[in-house]
Amino acid sequence: MRALVISGGGSKGAFAGGVSQYLMEELNYEYDLFVGTSTGSLLISHLALGNIKKIKDIFTSVNQKSIFSSQPFKVIATKYGDKEIKIDHWTVARNLMKGKKTFGESYNLRKLIAKSITQEEFATLKESHKNVVVTVSNLSLNQVEYKAINDFDYKDFIDWIWISCNYVPFMSLVVKNGCEYADGGFGSMVPIEEAINRGATTVDVVILETDVTHYNSLPSTNVFSLLTSLHGFMFDRVEKQNIRIGKFVASNKNVIINLYYTPTVLTTNSLIFDKKMMTTWWQTGINYAKRKNTDLNEIKAEES
């Protein structure tokens, strides 16, 4: 059984889309299992359906309004041409006065997911042999949960995809089945082990970070930049632990793992959704997957 695993990474998911497109269209890999966390969960249903053009159009056209119904920060350009976030004090204050538990809300993303995955497509996917699994963090029970498409109806599964992407406290904290849920990346950023536990013998893994850290975080300028730095540090630790565990389990079960890291630092703030950047990252993913597999084939040819 071949599985495709896509990590979390916000706007960097466009890179994962490009890698997946090359693997599926150029190498003709057929996957029985798709496992995603956060932005990975947005991709995998479409990939399982073979709707690569559709998800590419979505990923390369979204903006901040596509995601946030209440955006707690403003995106500003620095004098060096980069972009960073600045607190929207009025929006944050309004949410707090309303008794909200988070600085912002992401109900627009929930609407976008429901609009992009129709009930007919959901039914087609359930009837197929392919399994689609998304990762969520149950904060009430302090555990990671994996939600498979075959276990839920349309509305519930759309909810789980949305929940998997909710990067609290910037996005919505969702109460479902009496528990508080948030982004799956808080517990399992790269769910390799789950794919293996579900029977995968070959796993292609797209990791939306570089293999080696290539930068030092800049000093925090406000509470939001501090929070994003803390989240980045935590997610980085979780990611590395997931990969180590995945490799260990794979070695014990003779599972083949192919890792696809980003070749460069795509962005230091994956909450910024820029059409131009994400279009470029999608093509970068295609180019990287092509180069990586060409290099591997050359090495194998030399060895033989």
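Everything numeric in this text was worked out from a predicted model, so none of it was measured. (Residues numbered from 1 in each chain as written. Predicted model: local features only at pLDDT ≥ 70, side-chain atom pairs only at ≥ 80, totals over all residues. Heavy atoms only, no water.)

Colleague: I'd like a rundown of the overall build of the protein chain, residues and numbers included.
Modeller: What the protein chain contains, in helices and strands, is 11 helices and 10 strands. Here the C-alpha radius of gyration of the protein chain, 19 Å, is about what a compact globule of 304 residues would show, namely 19 Å. Seen through its C-alpha atoms, the protein chain measures out along the principal axes to roughly 65 × 45 × 35 Å. Here the contacts in the protein chain between residues at least 6 apart in sequence split such that 77% fall between residues at least 24 apart. Surface exposure of the protein chain reaches about 14,400 Å², of which carbon and sulfur atoms provide 52%. Measuring between centres, the 34 positive side-chain charges of the protein chain sit 7 Å from its 31 negative side-chain charges. (Helix = DSSP H or I, 4+ residues; strand = E, 2+ residues; numbered from the N terminus. Rg over C-alpha atoms; globule rule 2.2 N^0.38 Å. Contact = heavy atoms within 4.5 Å. Areas by Shrake-Rupley, 256 points an atom, 1.4 Å probe, with all protein chains shown as cover. Lys, Arg positive; Asp, Glu negative; His and termini not counted. Charge placed at Lys NZ, Arg CZ, Asp CG, Glu CD.)

Colleague: Quick rundown of the pattern of salt bridges? Include the residues and the values.
Modeller: Taken as a whole and judged by the stated rule, the model has 14 salt bridges. The partner of Lys101 in a salt bridge is Glu180, with the nearest N and O atoms 2.6 Å apart. Of this pair, Lys101 sits in the loop between helix H5 (89-97) and helix H6 (107-116) while Glu180 sits in strand S8 (residues 179-183), placing them 79 residues apart in sequence. You can call Lys101 exposed: its relative accessible area is 61%. Judged by relative accessible area, which is 23%, Glu180 ranks as partly exposed. Asp159 is the salt-bridge partner of Lys176, the closest N and O atoms lying 3.0 Å from each other. A residue pair is termed long-range when its members are at least 10 positions apart, and Lys176 in strand S7 (residues 174-176) and Asp159 in helix H8 (residues 154-164) qualify at 17 residues. Each member of the pair, Lys176 together with Asp159, is buried. (Salt bridge = Lys/Arg side-chain N within 4 Å of Asp/Glu carboxyl O. Buried < 20%, exposed > 50% of the residue type's maximum accessible area, 1.4 Å probe, protein only.)

Colleague: Talk me through unusual backbone geometry; I want residue IDs and the actual numbers.
Modeller: A cis amide bond links Val168 with the next residue in sequence, Pro169, at an omega value of 10°. Turning to its location among the elements, Pro169 is positioned in the loop between H8 and S7. A positive phi angle, close to 60°, is found at Asn28, a residue other than glycine. When you line up the elements, Asn28 lands in the loop between helix H1 (13-26) and strand S2 (33-37).

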